[in-house]
Amino acid sequence: MNRRKRSLFVRTLLFLFALNSICIFYYFRLHPRPQHPLDEEQNLNLNLTPPSLSSSSSLKPWPLLPSFLPWNISSFPPVGSCEAYFGNGFSHSISPLRGRNGFFRCHYSETLQSSICEGGTIRMDPARIAMSRGGEDLEKVMGRREEDELPRYESGAFQIEEGEGWGRREDRRLVDQAFLDQYLKHGAVHMHTMRSLVESIRVVPTGELQCDQVIDEPTLLVTRFEYANMFHTVTDWYSAYVSSRVTGLAGRPHLVFIDGHCKAQLEETWKSLFTSVRYAKDFAGTVCFRHAILSPLGYETALFKGLTESFSCQGSTANILRQNPDYQKTARLSEFGEMLLSSFDLLPIPKREPGMLNILFVRREDYLAHPRHNGKVQSRLSNELEVFDSVQTWAKMKNNMKCKLNVVNGLFAHMHMKEQLQAIRDASIVIGAHGAGLTHLVSARTDTIVLEIIASMYRRPHFQLISSWKGLEYHAINLPGSYARPTEVTEELSKIMKSLGC
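Everything in this summary refers to the structure shown in the same document. Predicted model only: the values in this text are computed from it and were never measured.

A look at the state of the cysteines
Here is the idea: a disulfide is a covalent bond, and it sits between the sulfur atoms of two cysteines.
Here is step 1 of the chain: Summed over the entire model, instances satisfying the criterion amount to four disulfides.
Here is step 2 of the chain: Disulfide partner of Cys82: Cys313, at an S-S distance of 1.9 Å. Taken as a pair, Cys82 in helix H2 (residues 82-86) and Cys313 in the loop between helix H7 (302-305) and strand E15 (314-315) lie far apart in primary sequence, 231 residues in all.
Here is step 3 of the chain: Taking relative accessible area as the criterion, Cys313 reaches 8% and is therefore assigned buried.
Here is step 4 of the chain: Between the sulfur atoms of Cys211 and its disulfide partner Cys288 the distance amounts to 1.8 Å. An S-S torsion of about -60 degrees defines the bridge between Cys211 and Cys288 as left-handed. Linking Cys211 in the loop between strand E8 (202-204) and strand E9 (213-215) with Cys288 in strand E13 (residues 287-289), this pair joins segments that are 77 residues apart in sequence.
Here is step 5 of the chain: Disulfide connectivity for the protein, with bonded cysteines indexed by sequence position, reads 1-6, 2-3, 4-5, 7-8.

Encoded structure:
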């Protein structure tokens, strides 16, 4: 081959290489890899560390939690197992719509009979959601009906741009009745607001999704029931936390309340847990969420379902489960409790002072909770003050060189949330009548001992179950009525102290 032919051959090769490179570039430019979740039925990848936030992100980072265990897993726990109830049992995923600009997907848990749904780009029109504004001062809305605070959606209250997988129904609904009945079941919930939200979503042609405002960062959409009650609010917090973890968010999301409840004391914790909190009616016009996550109702969490469903589940430590995985044990409530503590800068947990025992007496007191409340709480222990005074006197008598007892007066209704969490974190023994304040046990240490005083009208398993799911030692005094003999309470405390070597 002479020099001229060789030169021509080389130039031809270079031209073909350049042409091929250009073709590859435009192929991937026109066919980008989807940024929405994985395709249907594909397991989530094992991810031992949370994805990192970009330098431009405004999201609060996830804290380092001693009891954290991975949520994005290579294989899912068995249906009905403890981990399927409290962890990532959302093993079945279905995508009714996959588009270049938008997507919608639900992660379904056969165990909980519930779904965590997510989508982008989704448009919300607050004008098409009938409910009160929300976020008002309690005193200004006294007497307002609860039904006025809960959302009722018009058709198209939420919209999404069309894409693959959508059935192209004439009414332009995103999903049909069969989808709702299979993945967003009514169950025992008489007003399933998340189901109604999904039912309202309409699919619009490409290019017709107009937004007055765009939120680029992940946002949780939450509807609360019984929002002023500590137990029910903890179920909402837990659902929002699980939703954020299951969908693999790199940081703590923004949050929008899709309800019209007024301000409540517990709202400060929402603000501490998540990056920001707003009400749907705060938006002046339409808003598009690049990534919206629909948090299941608190009624659909294991914390609530455990009251009526029987399943085997025992609390354990994350260290034990890392070494010996066991689907019938869980450290998820400890992880979540640490998340609450961290949100108020109460981590790391300090070591207990040798010989010092804090006895936290969780009290019930009158306070104005919501617009339909008269400011009086139901008495669960008719002689609570007498019992509390007796415990204080007993503790002074029991103080010795070996053990020093400190009784903490847990008047939670008028304490800042950080003070409440610090009191439960530092408690060696928690005592109290059956009441929502005992839900704080989710943030107790694993060596905390619980003594619940239960009136005959309130024989409910809430706090015995939470103690079991946390791995806490639990004792109960079951009363024939609502009166507790102070000596019976102090005798039970003496037995507990003896077991502690005091």
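Once you've had a look at it, read on.
Overview of the nonpolar core
Here is step 1 of the chain: Counting 62 residues, the largest nonpolar core has Phe86, Trp237, Trp270 and Leu441 as its most contacted members.
Here is step 2 of the chain: For this core, the element with the most residues is helix H5 (residues 230-246), which contributes nine residues.
Here is step 3 of the chain: The contact partners of Trp237, leaving out residues within four places of it in the chain, are Met230, Leu266, Thr269, Trp270, Leu273, Phe336, Leu340 and Met417.

Notes on the sheet that holds strand E2 (residues 103-109)
Here is step 1 of the chain: As summarised here, the arrangement of the seven strands in space is E1-E2-E3-E14-E10-E11-E12, forming an open sheet in which the pairing is mixed. Each edge of the open sheet is held by one strand with a lone partner, namely strand E1 (92-98) and strand E12 (276-279). Between one strand axis and the next, the sheet turns by 20 degrees as a mean value, whatever way the strands run.
Here is step 2 of the chain: Sheet analysis places strand E11 (residues 254-257) next to E12, joined by four bridges and oriented parallel. Along E12, the bridge assignment pairs His254 with Ser276.
Here is step 3 of the chain: Its contacts with the sheet put helix H4 (residues 193-200) on E2, strand E3 (114-120) and strand E14 (292-294), and the angle it makes with E14 is roughly 135 degrees.

Examining the pairing of strand E21 (residues 473-478)
Here is step 1 of the chain: As defined by bridge partners, strand E20 (residues 449-454) adjoins E21 across six bridges and the pair is classed as parallel. Among the inter-strand pairings, Ile449 is bridged to a residue of E21, identified as Glu473.
Here is step 2 of the chain: This β-α-β element, E20 to helix H12 (residues 462-470) to E21, shows right-handed connectivity.

Scoring rules and cut-offs
- Per chain, residue numbering runs from 1 following the sequence as it is written.
- Residue-level local features of this predicted model are given only where pLDDT is at least 70; pairs of side-chain atoms are given and counted only at 80 or more, and the full residue set underlies all totals for whole chains, interfaces and linings.
- No hydrogens and no water enter the side-chain calculation; it runs on all heavy atoms of the structure.
- What counts as a disulfide here is a pair of cysteine sulfur atoms lying within 2.5 Å.
- Helix and strand definitions follow DSSP, with helices as H or I runs of at least four residues and strands as E runs of at least two, each counted in order from the N terminus.
- Under the scheme applied here, a residue whose accessible area is under 20% of the maximum for its type counts as buried, over 50% as exposed, and between as partly exposed, the area being computed with a 1.4 Å probe on protein chains only.
- Residues belong to one nonpolar core when they are buried, are Ala, Val, Leu, Ile, Met, Phe, Trp, Tyr or Cys, and are joined through side-chain atoms within 4.5 Å.
- Working rule for contacts: check all heavy atoms of both residues, and any pair within 4.5 Å makes them a contact.
- Any two strands between which DSSP finds at least two bridges are classified as paired.
- Fitting a line to C-alpha atoms yields each axis, with helices limited to the stretch in contact; the angle taken between N-to-C directions then spans 0 to 180 degrees.
- Seen with the strands pointing away from the viewer, any crossover whose path from the first strand over the helix to the second strand runs clockwise is right-handed.

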